[in-house]
Amino acid sequence: MALPRPAIVAALALTLFAAGCGEVSTDQPGIAPGSSTVTSHEPADPPATVGEAATWQLQQPEFVNPHAQGLMVEVTRLGCSGGETGEVLEPQVAYDNDRIIIRTDVAPLTGDTYTCQGNDAVPVEIQLEQSIGGRDLVDAACLEGEAVTTADCTDAVRWTSPSRGATSEIPDWEPPADYFFVVTSGCGERAFIGRFAVTVTAGAVSAVEPIGESYAGVTAEMTPTLSDMLDEARAAAEQGTVEVAVDDAGVPRWIDIDPIPNAIDDESCYAISDYRQL
């Protein structure tokens, strides 16, 4: 399978981020494709090995959305195989309250002798049976087995959800007059969808730069400040549902807004990172 062109990859990542918005489900029972492991309220065991070891990385982690049930990953065979990862078997998935553990084994090799240059990364789309919610995405190969001590397994957690610890309480936090942040905006149907670097000066957006393949037509007037996002959440909370997660300093890192729960495409969600005062 050939790697997609960067523009196609970015467009698919944005689609996966924007899709599936609504209430995040983290405890519904489900079985992943190819897996016999259901959601557990206890820490889940890694899915069973079904082939030879391989590790995976998210193709564009910045566009992963807590609402998402689709992931684009790149899988790399661990062992020597002449630079080719080869066939990726059906991903195996286990769920618990805090983690989604994904195993991406590869088909056994035929033959005896292979050179040991780095293997290529094979793109794979994984469909989950549950939205990610506030759970970590974990590579099962890095929890047990021969990959654990390799450089690819310095950390088994491939992604930590910005919505972890989210509540319906909207903080009274007030930003300074001048600050910078990066936002990945998704959910619903509106122009402000994508990943953007935002500068706020004297309380108003003074500059906005699209990141990657995000829509270049977004203007400062179309871009909310962090205060605007919190005000949007407060207005929606009167009849809708809102979830907000903050970091240790009280700065919002996730704002999830559904003004009318039974309506379609009116949602908005913001994953916020790289905040700093100017």
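What counts and how
Residue positions are counted from 1 within each chain, in the order its sequence is given. Local features in this predicted model are restricted to residues of pLDDT 70 or higher, and side-chain atom pairs are both shown and tallied only at a pLDDT of 80 or more, whereas totals for entire chains, interfaces and linings draw on every residue. Working from all heavy atoms in the structure, the side-chain values ignore hydrogens and water. Note on disulfides: each one is a pair of cysteine sulfur atoms within 2.5 Å. Secondary structure elements follow DSSP: runs of H or I of four or more residues count as helices, runs of E of two or more count as strands, with numbering from the N terminus. Here the term buried applies to any residue with accessible area under 20% of the maximum for its type, exposed to any over 50%, and partly exposed to those in between, with areas from a 1.4 Å probe on protein chains only. Any two strands between which DSSP finds at least two bridges are classified as paired. Each axis is a line fitted through C-alpha atoms, and for a helix only the stretch in contact is used; angles between axes span 0 to 180 degrees, taken between their N-to-C directions. Here a pair means two rings of Phe, Tyr or Trp (six-membered ring of Trp) with centres within 6.5 Å. Their orientation is stacked below 30 degrees between planes, edge-to-face above 60, and tilted elsewhere.

Caption draft 1: Representation of the state of the cysteines within the structure. Here the structure, examined in full by the defined rule, presents three disulfides. Covalently, Cys 80 is tied to Cys 116 through a disulfide, its sulfur atoms 1.7 Å apart. The chirality of the disulfide connecting Cys 80 with Cys 116 is right-handed, given an S-S dihedral of about 100°. Placement of Cys 80 in the loop between strand 2 (70-77) and strand 3 (92-95) and of Cys 116 in the loop between strand 4 (99-103) and strand 5 (122-127) is noted, with a sequence separation of 36 residues between them. Residue classification places Cys 80 among the partly exposed positions, given a relative accessible area of 36%. With a sulfur-sulfur separation of 2.0 Å, Cys 142 is cross-linked through a disulfide to Cys 153. Because the torsion about its S-S bond is -70°, the bridge between Cys 142 and Cys 153 counts as left-handed. One end of the pair, Cys 142, is in the loop between strand 6 (136-139) and strand 7 (157-159); the other, Cys 153, is in the loop between strand 6 and strand 7, and 11 residues separate them in sequence. Neither Cys 142 nor Cys 153 differs from the other in exposure class; each is buried.

Caption draft 2: Inspection of unusual backbone geometry at higher detail. A positive phi angle, close to 70°, is found at Cys 187, a residue other than glycine. Examined against the element boundaries, Cys 187 turns out to sit in the loop between strand 8 (179-186) and strand 9 (194-201). Using a relative accessible area of 0% as the deciding quantity, one classes Cys 187 as buried. A positive phi angle is found at Asp 274, which is not glycine, with a value near 55°. Judged by its relative accessible area of 49%, Asp 274 falls in the partly exposed class.

Caption draft 3: Structural context of the sheet that holds strand 4. A sheet is described by the order of its strands in space; here four strands give the open sequence 3-4-6-7, paired in mixed fashion. Edge positions in the open sheet fall to strand 3 and strand 7, since each of these has one partner strand only. When strand polarity is set aside, the average angle formed by the axes of neighbouring strands in this sheet is 30°. Two elements, strand 4 and strand 6, share four bridges in a ladder whose sense is parallel. Its bridge partner lying in strand 6, Ile 102 is registered against Asp 139.

Caption draft 4: How the structure looks around the packing of aromatic side chains. For the coordinates displayed, the defined rule picks out four aromatic pairs. With a centroid separation of 5.8 Å and an interplanar angle of 45°, the aromatic rings of Tyr 179 and Tyr 275 are classed as tilted. One end of the pair, Tyr 179, is in strand 8; the other, Tyr 275, is in strand 13 (residues 268-277), and 96 residues separate them in sequence. Its relative accessible area of 27% is what places Tyr 275 among the partly exposed residues. Look at Phe 192 and Phe 196: their rings are 4.9 Å apart centre to centre, the planes differ by 15°, and that puts the pair in the stacked class.

Caption draft 5: Representation of the environment of Phe 196 within the structure. Structurally, the position occupied by Phe 196 is in strand 9. Residue class for Phe 196 comes out buried when judged on its relative accessible area of 0%. For Phe 196 and Val 183, which are 13 residues apart along the polypeptide, the C-alpha to C-alpha distance reads 5.5 Å.

Caption draft 6: Quick peek at the pairing of strand 2. For strand 2, the tally of buried residues reaches six of eight residues, placing the bulk of the element in the interior. Bridge analysis of strand 1 (residues 54-58) against strand 2 gives five bridges, and the strand direction is antiparallel. Paired with Trp 56 across the two strands is Val 75, which belongs to strand 2.

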